[in-house]
Amino acid sequence: MLTTQIQNIITELDVDFISLNETYLKKSNKFNLNNYMIIRADRVLDKKQKGGGAALGIRKNFKGKSILFPEFEEIAGFEIELSKQDVLSVFSYYSSPDSKLNKKFFDFIVEKYKNFIILGDLNAKILDNEISDHQPTLTTFNNIVTVKKVDYATKINWSKFHQSLSLLKPIRNQIITESDFNEQADKIISDIQNAINTATIKFRVSNNNNPIISVPENILNLIKEKRKIRRIFQKSQLSDHKKVLNAINNRLKKALKIFKNIKTKTEFKELSSFNQSSSKHWALVRRLENAQEKDSKKLVLNYNNQTLQEDQDIAEAFSEGLAETFSQTNNNNLDTTHQPETEIFGNFEYISTTDLFCKTWGFYINTSKTCYTTFTTAGERKNYTTKYKLNLKIVNNAIPMEPNPTFLGI
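In the nomenclature of an unreviewed UniProt entry, the protein is known as RNA-directed DNA polymerase from mobile element jockey-like of Brachionus plicatilis.

### Topic: the pattern of salt bridges
Taken as a whole and judged by the stated rule, the model has seven salt bridges. Arg59 is paired through a salt bridge with Asp16; the nearest N and O atoms lie 2.8 Å apart. Linking Arg59 in strand β3 (residues 54–59) with Asp16 in the loop between α1 (2–13) and β1 (17–21), this pair joins segments that are 43 residues apart in sequence. With a relative accessible area of 37%, Asp16 lands in the partly exposed category. Linked through salt bridges whose partners overlap, the residues forming this network are Asp14, Asp16 and Arg59.

### A word on the sheet that holds β3
Picture the strands of a sheet paired through backbone hydrogen bonds; they go either parallel or antiparallel. Ordered in space as β1-β3-β2, the three strands form an open sheet in which the pairing is antiparallel. Strands at the two margins of the open sheet, each flanked by one partner only, are β1 and β2 (36–41). Direction aside, the axes of adjacent strands within the sheet are offset by 15 degrees on average. Pairing of β2 with β3 involves six bridges; the strand directions are antiparallel. Following the sheet pairing, Ile39 is matched in β3 by Leu56.

### A look at the environment of Phe108
Within the fold, Phe108 resides in helix α2 (residues 103–112). Those residues in contact with Phe108, other than ones at most four positions away along the chain, are Phe69, Phe72 and Tyr113.

### Focus: unusual backbone geometry
Unlike most non-glycine residues, Tyr24 shows phi in positive territory, near 60 degrees. Mapped onto the elements, Tyr24 comes out in the loop between β1 and β2. What makes Tyr24 partly exposed here is its relative accessible area of 49%. The phi dihedral of Gln237 falls on the positive side, at around 60 degrees, and the residue is not glycine. With respect to the helices, strands and loops of the structure, Gln237 is situated in the loop between α5 (217–236) and α6 (239–271). A residue is classified by how much of its surface remains accessible, and Gln237, at 53% relative accessible area, is exposed.

Quick notes on the rules
- Residues numbered from 1 in each chain as written.
- Predicted model: local features only at pLDDT ≥ 70, side-chain atom pairs only at ≥ 80, totals over all residues.
- Heavy atoms only, no water.
- Salt bridge = Lys/Arg side-chain N within 4 Å of Asp/Glu carboxyl O.
- Helix = DSSP H or I, 4+ residues; strand = E, 2+ residues; numbered from the N terminus.
- Buried < 20%, exposed > 50% of the residue type's maximum accessible area, 1.4 Å probe, protein only.
- Pairing = 2+ DSSP bridges.
- Axes fitted to C-alpha atoms, helices over the stretch in contact; angles between N-to-C directions.
- Contact = heavy atoms within 4.5 Å.

What follows is the structure, encoded as structure tokens:
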């Protein structure tokens with residue numbers, strides 16, 4: 001939960017590096033932040049009481065190296081490469097209230113590093129032995145140009161991998177001793193590794209370091225549940241599993257909608273303290289303006305050789321078309337003559353008329369969720385499927401027969 005709060009803060013403030021102090025982390029604890037490298041200096045518990053610790057988070061697209069000091073406890077650092085072959089060293093330092101600041105550390109930093117920033121919780125006694133207020137701070141540095149790290153990724157061409165293995169000569173030597181077995185095993189492993197190296201493609205990955213929006217834990221849990229149930233349904237194809245999947249999917253959609261609404265309200269709240277020099281605020285304004293332009297596009301409908309743009313005209317045309325298409329008095333569209341039970345209903349007028357209506361108004365029938373049933377006075381019998389099965393199609397897709405359908409709506 002605390003990690004999510006930190007992630008939300010650094011994402012919202014769009015920070016490049018963050019100093020975390022009194023982390024209480026032990027070697028066995030995992031701690032990660034999306035899109036950030038974490039350099040940790042946990043407190044050694046066998047020397048002091050529990051607590052303490054320092055950590056430094058650096059954007060992953062910064063080029064540089066981590067700095068750790070075995071001789072100085074609870075200090076984590078990172079050396080960022082700048083333009084013109086210069087470097088900037090950033091340190092996170094935690095000093096407990098009952099200890100004095102380590103003067104040797106400051107002397108060491110001044111002597112070894114040309115450009116440096118020391119962050120952290122120093123518990124400095126500034127006035128009348130009063131400890132600092134411990135309020136978090138946000139600092140902006142101008143005219144610092146960093147060198148972006150170039151990331152590379154690899155991908156294996158499995159066709160080339162199989163081709164490389166197929167060109168190898170089969171083992172013809174007879175394996176008698178343990179030494180023969182080990183020799184051939186080493187050769188097979190070596191051949192596989194060489195084939196992987198030959199088939200591996202290395203390519204550059206552009207890292208624009210776009211801020212990652214952290215998703216609340218309840219939404220992450222719903223996503224995990226949805227994936228799990230979907231895998232189960234794909235194997236079983238049971239209707240009960242499908243119902244559970246649909247229920248979880250609906251819950252996930254509602255949760256995402258609430259999350260997006262809260263995020264939008266937060267963005268508008270941020271604009272109340274608009275800062276003209278903030279690139280983040282200008283980016284937010286542009287994003288909101290683009291979203292407004294997308295929403296402002298009006299629906300245009302061509303109906304009876306007329307172009308309709310006003311909502312009222314489109315609504316009236318829709319109701320007129322609905323009444324005209326499905327009216328019982330419209331004998332041109334509906335065939336009301338009796339159809340024998342053995343008739344092939346591939347071109348049954350009610351089906352084709354519904355299909356035509358959907359095409360006219362831009363609706364789509366989900367054929368995977370469509371079925372039909374045949375009502376008989378005798379009810380369902382053993383020969384029900386073979387006797388009353390019809391050849392019904394929508395958009396050239398056959399509609400399955402279901403003796404006990406569940407009515408969901410139209």
